[in-house]
Amino acid sequence: MAKKTQSIKSKLPESSNGFRVLGDDVALASASLFSGGGIGDVGIEWGLGVPVIAACELVPSRAELIRRNFPDTQVLEGDIWKLANGYVSDVQKHLGGLRPWLLTLSPPCQGMSANGAGRISAAIRSGKRMPEDKRNRLVLPGIDVLEGLRPDWFLIENVRRMENTVIRNEKGEPENILKLIGRRLQPLGYTIRSSIVDFRRYGVPHHRERLITIGSRLPSIVQEIPPLSDFFSKELSGLHPRPSHGGPDLPSPVTLREAVGHLPQLDSLSQPIDSKDAYHRVPSWNESQYYWMSNTSEGKTAFDNHDCVYCKTEGHAPEVVFCRSCQKPLPKPTISKNGTTRLVRGFRTSYRRMTWDKPASTITMNSGVISSDMKGHPDQNRVLSLREILILSTLDHPSWNRAYQFEGVRHGRSQPGLNFSPRLVREVVGESIPPLGMSYIIQHLADLDGRLK
Ligand SMILES: C[S@@+](CC[C@H](N)C(=O)[O-])C[C@H]1O[C@@H](n2cnc3c(N)ncnc32)[C@H](O)[C@@H]1O
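Since this is a predicted model, take the numbers as computed values, not measurements.

Cut-offs used in this document
- Residues numbered from 1 in each chain as written.
- Predicted model: local features only at pLDDT ≥ 70, side-chain atom pairs only at ≥ 80, totals over all residues.
- Heavy atoms only, no water.
- Pairing = 2+ DSSP bridges.
- Helix = DSSP H or I, 4+ residues; strand = E, 2+ residues; numbered from the N terminus.
- Salt bridge = Lys/Arg side-chain N within 4 Å of Asp/Glu carboxyl O.
- Buried < 20%, exposed > 50% of the residue type's maximum accessible area, 1.4 Å probe, protein only.
- Domains from an automatic or database assignment.
- Contact = heavy atoms within 4.5 Å.
- Buried area = accessible area lost by both parts, 1.4 Å probe.
- Polar contact = N/O pair within 3.5 Å; in protein donor to acceptor, adjacent residues only side chain to side chain.

> Give me the pairing of strand β15 (residues 340-343): which residues, what numbers.
Relative to β15, strand β14 (residues 334-337) runs antiparallel, the two being bridged by 4 bridges. What sits directly across from T334, in β15, is L343. Joining the antiparallel neighbours β14 and β15 is a turn of 2 residues, in which N338 adopts a positive phi near 50°.

Structure (structure tokens):
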């Protein structure tokens, strides 16, 4: 766990409205945009004691999660395109005219794709209408907010392929997102670095690689790490913390077994819920899914089940779905339609089990769906439970002195007898910044900053 700035900040002078003040005009406060359920913010406020004073989120159930878990945070619910100006003035008012120390932004990433960047640029230039994923342009109001608030530090989190994404900029011209960020923010005095961060290397027990773009306009930082026209690097920059795990002289990344191996067994047909923990629950599988996966071993996919489990005839070809000797179905994912049965079309990462002695695979919004990428438990017949993904995401972690509350927030159809939504848990956890990783990164910024000592 990162060191706490909580005790440190108490030495800083206090403003009339109760914020700790850095320099002449900066409050030791953070704000977030595209805040989701505020899970990354847990690492900042609960982990480091830096108050997250404002958040902005489109989806009402997620905004409600922030309100419940961060009662002092001002939550703007709605579309950032409409709320950006109000967000800036609210934060300025709240801080009594001071600037915030930090702004974090995690614009949605589903739309980011490196594919066809050249084609997209050419189409935009020639005035053709290209199918455009609007979500990619959400970085624009994010930059407007950064320009309005001018925090000492900012952090933008996104999928790693953002580095190659071209969007239509504010002038309607094609521009690479990182170039756009540099063009707009470097003239305001920011030095910026973008690096790929592997969260397993900060003690997070699941695979999560993200592009983390960090900017600072503190003169001492700008002098030490000067602005560059191309600030992307696959390697960690000086603005990114050194890893705590994985590498020479460092402990190995935390494995699935170390993180959740102690939890009671579950089974997607006979025992999908632990009677003592409502969060240790999994969705039920149908009998076919159960047959395919119960014959699949740790780390393997059911697509590779080429041997008959009935008569033991071995080595069927990949597309063969019935045993050539006894005609019984092989335990491979199949679909039956109009009297024929064929292999499910899918990636070989689906219907796959994880491995106990490695970190878990990436936790996504589909963590409960076995047909999605690598979602099977290593040796029990089920996907990971909600409790397991909470632990693996580090939202359920001993570093926080409290439990995150999902109770009472409705999302979609409610389940009888259940006061939280399993779907909401899987969605917000699947999109989150692991708070332990966030805590490490922001602690590093506090250390570089120097004024929080
Ligand atoms: C990657 S998630 C953020 C996760 C968050 N950082 C966390 O750690 O929990 C991106 C969020 O942006 C929100 N979002 C998408 N479009 C938006 C918009 N137009 N205005 C405001 N928020 C939006 C999504 O609902 C989603 O919750």
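> Could you give an account of the pattern of salt bridges, with specific residues and numbers?
Scanning all chains against the criterion turns up 24 salt bridges. For E14, the salt bridge identified is with R20, shortest N-O distance 3.1 Å. The partly exposed category is assigned to R20, whose relative accessible area is 23%. For R210, the salt bridge is made with E157, and the minimal N-O distance between the two is 3.3 Å. Here E157 lies in strand β6 (residues 153-158) and R210 lies in strand β10 (residues 209-216), a separation of 53 residues in the sequence. Classification of R210 as buried rests on a relative accessible area of 12%.

> Give me the lowdown on the domain arrangement of the protein, citing residues and values where you can.
Per the domain assignment, the segments of the protein are domain 1 (6-244 + 433-449) and domain 2 (252-301 + 349-432). Here the C-alpha centre of domain 2 lies 29 Å away from the C-alpha centre of domain 1. Counting residues at the interface gives 25 residues for domain 1, matched by 35 residues for domain 2. When domain 1 packs against domain 2, close to 2600 Å² is buried across both sides, 61% of that on carbon and sulfur atoms. Counting the contacts that link domain 1 with domain 2 gives 2 salt bridges. E431 is the partner of R62 in a salt bridge, and the nearest nitrogen-oxygen pair spans 2.7 Å. Connecting domain 1 to domain 2 are 14 residue pairs in polar contact (both at pLDDT 80 or more).

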